[in-house]
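Close look at the chain arrangement
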Amino acid sequence: MSKLRVAVLGAKGRIGSEAVRAVEAADDMELVAALGRGDSLDALIESGAQVAVELTTPDSVMDNLDHCLRHGIHAVVGTTGWTDERLAHLRGGLDASPGTGVLIAPNFSIGAVLTMKFAQLAAPYFESVEVVELHHPRKVDAPSGTATRTAQLIAAARAEAGCAPQPDATTTALEGARGADVDGVPVHSVRLRGLLAHQEVLLGGEGETLTVRHDSLHHSSFMPGILLGCRRVVTVPGLTFGLEHFLDLG
Ligand SMILES: NC(=O)C1=CN([C@@H]2O[C@H](COP(=O)(O)OP(=O)(O)OC[C@H]3O[C@@H](n4cnc5c(N)ncnc54)[C@H](OP(=O)(O)O)[C@@H]3O)[C@@H](O)[C@H]2O)C=CC1
Ligand SMILES: O=C(O)C1=N[C@H](C(=O)O)C[C@H](O)C1
């Protein structure tokens, strides 16, 4: 059987370099290009890449995806910075490239995907819910893509269940003290040397609290999700947002 031809964009970065190794080690894949900033995207076409794994920066991802879609190359995207406007632009590109698939995964680790799922499930049953994400200090964006997505899922679950707004008597606060407001859910970002990628969802009700915590201790935690994404994205045209859609979570 022929191997899936995979390219990695952002190949010299923290997660990109790990992805290069993971694709090289996968029996059913061939690494056909490993591109860093400044490398020509023509290499994607010349190498015959079927899938591009996009692990660059929020300022680069859109141009890279535009290029992929113009040439019918599927994409597995871990890069953060997704807004409604960016998603609308991407959908336009996909409409013009029927048959091409793009997976955007705010987080490729199974534990993080499950954290989001558990938080979504629990959120309507507690009066209060806040998200704390903790990352290495070289991360350029805050809050993390995972925390933003988690808060959006929590807010949607609470809205669907008809939950009241969260109790909070704060009338005076130093700017930022209550975190960022993502759809009504406070999200707090910690940047600390020694950490990689961690998240806690704190839920509180009458006389009880529940904490859902996930820790990525090494970039290897993201690799099974990236490889799964590459295998599945070629069979699912259009936009898939979230790795959970490629997992059988019941
Ligand atoms: N979804 C997930 O599970 C995960 C997502 N991420 C996300 O992935 C992204 C990368 O993270 P991380 O590896 O830590 O960051 P790094 O800064 O270590 O890596 C990004 C790399 O991309 C390079 N780059 C920038 N622009 C381009 C371009 N146009 N073409 C090719 N390469 C380019 C950078 O080069 P230069 O240094 O010269 O700028 C750098 O080497 C972030 O958005 C992060 O949040 C990270 C981990 C897991
Ligand atoms: O920058 C990182 O490191 C990570 N970025 C992603 C995010 O912003 O959620 C995924 C993971 O948290 C690691």
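Everything quoted here is computed from the prediction, not taken from an experiment. (Residues numbered from 1 in each chain as written. Chains lettered and ligands numbered in written order. Predicted model: local features only at pLDDT ≥ 70, side-chain atom pairs only at ≥ 80, totals over all residues. Heavy atoms only, no water.)

Focus: the environment of L202
By the secondary structure assignment, L202 is in strand β9 (residues 197–205). The spatial distance from the C-alpha of L202 to the C-alpha of A123 is 9.6 Å, given a sequence separation of 79 residues. The contacts of L202, once residues within four sequence positions are left out, are S128, V129, E130, V132, L210 and T211. (Helix = DSSP H or I, 4+ residues; strand = E, 2+ residues; numbered from the N terminus. Contact = heavy atoms within 4.5 Å.)

Topic: the layout of surface pockets
Taken as a whole, the largest pocket encloses approximately 910 Å³ of empty space. Residue lining of the largest pocket: 39 residues in total, with I15, L55, T56, T57 and T79 positioned closest to the centre. For the lining of the largest pocket, the secondary-structure elements that each account for two or more residues are α1 (14–25) and α6 (145–160). When residues of the lining of the largest pocket are assigned to their parent elements, the largest contribution, three residues, is made by α1. Counted by class, the lining of the largest pocket contains 13 nonpolar, 19 polar and seven charged residues. Built from parts of two domains, the lining of the largest pocket gets at least three residues from each of domain 1 (4–104 + 220–246) and domain 2 (110–217). (1 Å grid on protein atoms, 1.4 Å probe; cavity = no way out; pocket = protein on both sides within 12 Å on 5 of 7 lines; lining within 4 Å. Points joined across faces, edges and corners; volume = space filled by probe spheres on them. Nonpolar A, V, L, I, M, F, W, Y, C, P; charged D, E, K, R; others polar. Domains from an automatic or database assignment.)

Things to note about the sheet that holds strand β5 (residues 101–104)
Strand order across the open sheet formed by six strands is β2-β1-β3-β4-β5-β11, with parallel pairing between neighbours. Each edge of the open sheet is held by one strand with a lone partner, namely β2 (29–35) and β11 (238–241). Averaged over all pairs of adjacent strands, the angle between strand axes in this sheet comes to 20°, irrespective of strand direction. As paired elements, strand β4 (residues 74–77) and β5 share three bridges and run parallel to each other. Among the inter-strand pairings, V77 is bridged to a residue of β5, identified as I104. (Pairing = 2+ DSSP bridges. Axes fitted to C-alpha atoms, helices over the stretch in contact; angles between N-to-C directions.)

Digging into the packing of α1 against helix α7 (residues 223–233)
Two elements in contact, α1 and α7, have axes separated by 10 Å at closest approach and are oriented at 65°. The hand of the α1/α7 crossing is right-handed. Together, I15, E18, A19, A22 and V23 of α1 and M223, I226 and L227 of α7 make up the contact between the two elements. Considering only residue class, the contact of α1 with α7 consists of seven nonpolar, no polar and one charged. (Left-handed = near helix turned anticlockwise from the far one by under 90°.)

Considerations on empty space enclosed by the protein
In total, this model carries one cavity of 30 Å³ or more according to the counting rule given. The computed volume of the largest cavity comes to approximately 80 Å³. Along the walls of the largest cavity sit N107, A112, T115, H135, S144, T146, A197, H198, Q199 and H214, which together make up its complete lining. Among the elements of the structure, α5 (110–122) and β9 are those that each provide at least two residues to the lining of the largest cavity. Residue contributions to the lining of the largest cavity peak at three residues, all from β9. Residue composition of the lining of the largest cavity, by class: two nonpolar, eight polar and no charged.

A word on α6
One turn of the α-helix equals 3.6 residues, which is why residues spaced by three or four share an orientation. Here α6 contains 16 residues, and its C-alpha end-to-end distance of 23 Å stays within 8% of the 22 Å for a straight helix at 1.5 Å per residue. Where α6 is concerned, the buried positions are G145, T146, A147, R149, T150, A151, L153, I154, A155, A157 and R158. Where the residues of α6 are buried, they touch α5, β6 (128–135), β7 (180–182), β8 (185–191), β9 and β11. At the C-terminal side of α6, G162 shows a positive phi close to 75°. (Expected span 1.5 Å × (residues − 1). Buried < 20%, exposed > 50% of the residue type's maximum accessible area, 1.4 Å probe, protein only.)

Digging into unusual backbone geometry
Across the junction of A142 and P143, the peptide omega takes the value -10°, indicating a cis bond. Position of P143 relative to the elements: it lies in the loop between β6 and α6. Phi at D183 is positive, roughly 55°, even though this residue is not glycine. Within the element layout of this structure, D183 appears in the loop between β7 and β8.

Some words on the domain arrangement of the protein chain
Domain annotation of the protein chain identifies domain 1 (4–104 + 220–246) and domain 2 (110–217). Taken over C-alpha atoms, the centre of domain 1 sits 27 Å from the centre of domain 2. Of the residues lining the interface, eight residues belong to domain 1; the matching set on domain 2 comes to 10 residues. Sorting the residues of domain 1 by area buried against domain 2 places R14, T80 and E244 first, and these three jointly supply 53% of that buried surface. Counting across the interface, domain 1 meets domain 2 through zero salt bridges. (Buried area = accessible area lost by both parts, 1.4 Å probe. Salt bridge = Lys/Arg side-chain N within 4 Å of Asp/Glu carboxyl O.)

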